[in-house]
Amino acid sequence: MRKLSADTLDLTRRPRRNRKAEWARRLVRENRITTDDLIWPIFINEGDTPREPIASMPGVDRLSVAEAVKVAQEAVALGIPAIALFPNTPSHLRDETGSEAMNPDNLTCRALRAIKAAVPGLGLVTDVALDPYTSHGHDGLIEDGRILNDETVAVLCKQALVQAEAGADIIAPSDMMDGRVGAIRAALDDAGFQDVSIMAYSAKYASAYYGPFRDAVGSSGTLSGDKKTYQMDYANSDEAIIEAELDIAEGADMVMVKPGLPYLDIVHRLKSTFGVPTYAYQVSGEYAMLQAASAAGMIDIEKAMVETLTAFKRAGADGILTYFAPAMARYLAKNA
Ligand code: PBG
């Protein structure tokens, strides 16, 4: 805590001088968001319908594989470094054990191959977790209502391998099972994928803000119960340090905090404690709230977008996964 000194009480000091004009504000600005900070999450659909709107996420559609390739090209044209893929698995392919996750020809893998072939220079991030593939909507295997840890990790390793084989550059485990980062790292290395990175969803909280995402990947109708035995309790902060420490020790190249804006304290703690590349996920519910407020005429969506994304940078994030990525990139290009 800074003590009040005679100096800080000096009434001749006028902080407003540094805010007197836009040129002055630009000169003293401490943090900026750039296109390099953006990861664009997209949803992939089976079939040929190019786009299917997601009711709760205005401006975000589920894309066919062919349309996803076009979006990937758009990402490159906008200067966005990476996209993150999330599949809406057809319901007849969802089962108790999420076996479709290990199918080398599943939707995610087909999209990866098509995008990699068309735009080899774009970073491709894939989600490792079973929820888009299980009939019960949980991220892991279940026995008597319990989520099994080590059995799930074995499946996640296979899921990571089919994704790496299909062209994933960054494997992002979002499942919150214990020990999964180390197991996935070993599985990737054994198969010769030393250069495939791991971005660990290290501090992923059991959150009400994932609602629209679960609509988007079709798991909201199927999810039984909640995810509180594996995702973190939002009352905790020290626990995030433990999670990130383990993930880094197990080989994570990057760590992530999720959701985003309500968890900036966690972003700041992880970045200042470990100094590793640290990301935040501005999740579906955060996006949906801003869009809803804008549709109701309550906020200026462009200003809110720039403000929230800059806030992530101020907290110490190296980058942000955000559904605003293309809009933000366009804004930055226009205001360069
Ligand atoms: C799946 C996963 C979720 C999100 C990303 N990966 C949902 C969940 O854990 O239920 C949420 C992303 C968002 O809300 O935008 N493990």
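Just above, that's the structure.
Worth saying up front: this structure is predicted, and the values here are computed from it rather than measured. (Residues numbered from 1 in each chain as written. Predicted model: local features only at pLDDT ≥ 70, side-chain atom pairs only at ≥ 80, totals over all residues. Heavy atoms only, no water.)

Novice: Outline helix α8 (residues 264-274), listing residues and values.
Specialist: Each α-helix turn comprises 3.6 residues. Residues three or four places apart therefore point the same way. Among the residues of α8, Leu264, Ile266, Val267 and Leu270 are the ones counted as buried. Take α8 and look down its axis: the buried residues cluster within an arc of 160 degrees, on one side only. Buried residues belonging to α8 abut β9 (197-204), α7 (238-249), β10 (254-258), β11 (278-282) and α10 (301-315). Where α8 ends, the next residue or the one after it, Gly275, has phi of about 65 degrees, a positive value. (Buried < 20%, exposed > 50% of the residue type's maximum accessible area, 1.4 Å probe, protein only. Helix = DSSP H or I, 4+ residues; strand = E, 2+ residues; numbered from the N terminus. Arc of directions from axis to C-beta. Contact = heavy atoms within 4.5 Å.)

Novice: Got a sec to walk through the packing of aromatic side chains? Specific residues and values, please.
Specialist: Within the structure shown, the criterion is met by ten aromatic pairs. Judged by centre distance (5.8 Å) and plane angle (10 degrees), the ring pair of Phe43 and Tyr323 falls under stacked. One end of the pair, Phe43, is in strand β1 (residues 38-45); the other, Tyr323, is in the loop between β12 (319-322) and α11 (325-334), with 280 residues separating them in the sequence. Of the two residues, Phe43 and Tyr323, neither departs from the other in class, the shared state being buried. Counting every residue linked through ring pairs, the aromatic cluster contains Phe43, Phe86, Tyr201, Phe213, Tyr281, Tyr287, Tyr323 and Phe324. Lys204 extends its terminal NZ or CZ atom over the ring of Tyr210, reaching a point 5.4 Å from the ring centre. Directly above the ring of Phe213 sits Lys258, whose terminal nitrogen or CZ lies 5.9 Å from the centroid. (Phe/Tyr/Trp six-rings, centres within 6.5 Å; stacked < 30°, edge-to-face > 60°. Lys NZ or Arg CZ within 6 Å of the ring centre and 35° of its normal.)

Novice: Mind laying out the site of the ligand, listing which residues take part and the relevant values?
Specialist: Close contacts around the ligand come from 18 residues, with Lys204, Arg214, Lys258, Ser284 and Tyr323 the closest. For the ligand, a nitrogen atom lies 3.2 Å from a polar atom in the side chain of Asp131. In this structure, Gln231 approaches the ligand through a side-chain N or O atom, which is 2.9 Å from an oxygen atom. (Near = heavy atom within 4 Å. Polar contact = N/O pair within 3.5 Å; in protein donor to acceptor, adjacent residues only side chain to side chain.)

Novice: Requested: an account of the nonpolar core, with residues and values cited.
Specialist: Counting residues in each nonpolar core, the largest one holds 106 residues, and the members touching the most others are Ile42, Phe43, Ile83, Ile115, Ile184, Met199 and Tyr281. Looking at this core, the element that brings in the most residues is helix α4 (residues 149-166), giving eight residues. Not counting chain neighbours up to four residues away, the residues in contact with Tyr281 comprise Pro41, Phe86, Tyr201, Phe213, Met256, Val257, Lys258, Pro259, Gly260, Glu286, Leu321 and Tyr323. (Core = buried A, V, L, I, M, F, W, Y, C linked by side-chain atoms within 4.5 Å.)

Novice: Let's hear about the pairing of β10: which residues, and what values?
Specialist: On any regular strand, side chains alternate: one points to one face of the sheet, the next to the other face. When you tally the buried positions in β10, you get five out of five residues, the bulk of the element. Of the two faces of β10, both are covered, the one formed by Met254, Met256 and Lys258 as well as the one formed by Val255 and Val257. Summarising the sheet, β9 and β10 pair through five bridges and their orientation is parallel. Residue pairing in the sheet places Lys204 in a bridge with Lys258 of β10. Pairing of β10 with β11, which is carried by three bridges, proceeds in the parallel orientation. Considered in β11, the bridge of Val257 is made with Ala280. Between the parallel pair β10 and β11, the chain is carried across by α8, and the sense of this crossover is right-handed. (Pairing = 2+ DSSP bridges. Right-handed = clockwise from strand over helix to strand, strands pointing away.)

Novice: Break down the pairing of strand β4 (residues 82-88) for me, with residues and values.
Specialist: Burial of β4 is extensive: seven of the seven residues sit out of reach of the surface. Residues of β4 alternate between two faces, with Ala82, Ala84, Phe86 and Asn88 on one and Ile83, Leu85 and Pro87 on the opposite face, all of them buried. Note that β1 and β4 share seven bridges and pair parallel. Across the sheet, the residue bridging to Ile39 is Ala82, located in β4. When β4 meets strand β5 (residues 123-128), the two strands line up parallel, connected through four bridges. Bridged to Ile83 within β5 is Leu124.

Read these as layout, nothing more, since geometry by itself doesn't imply function.
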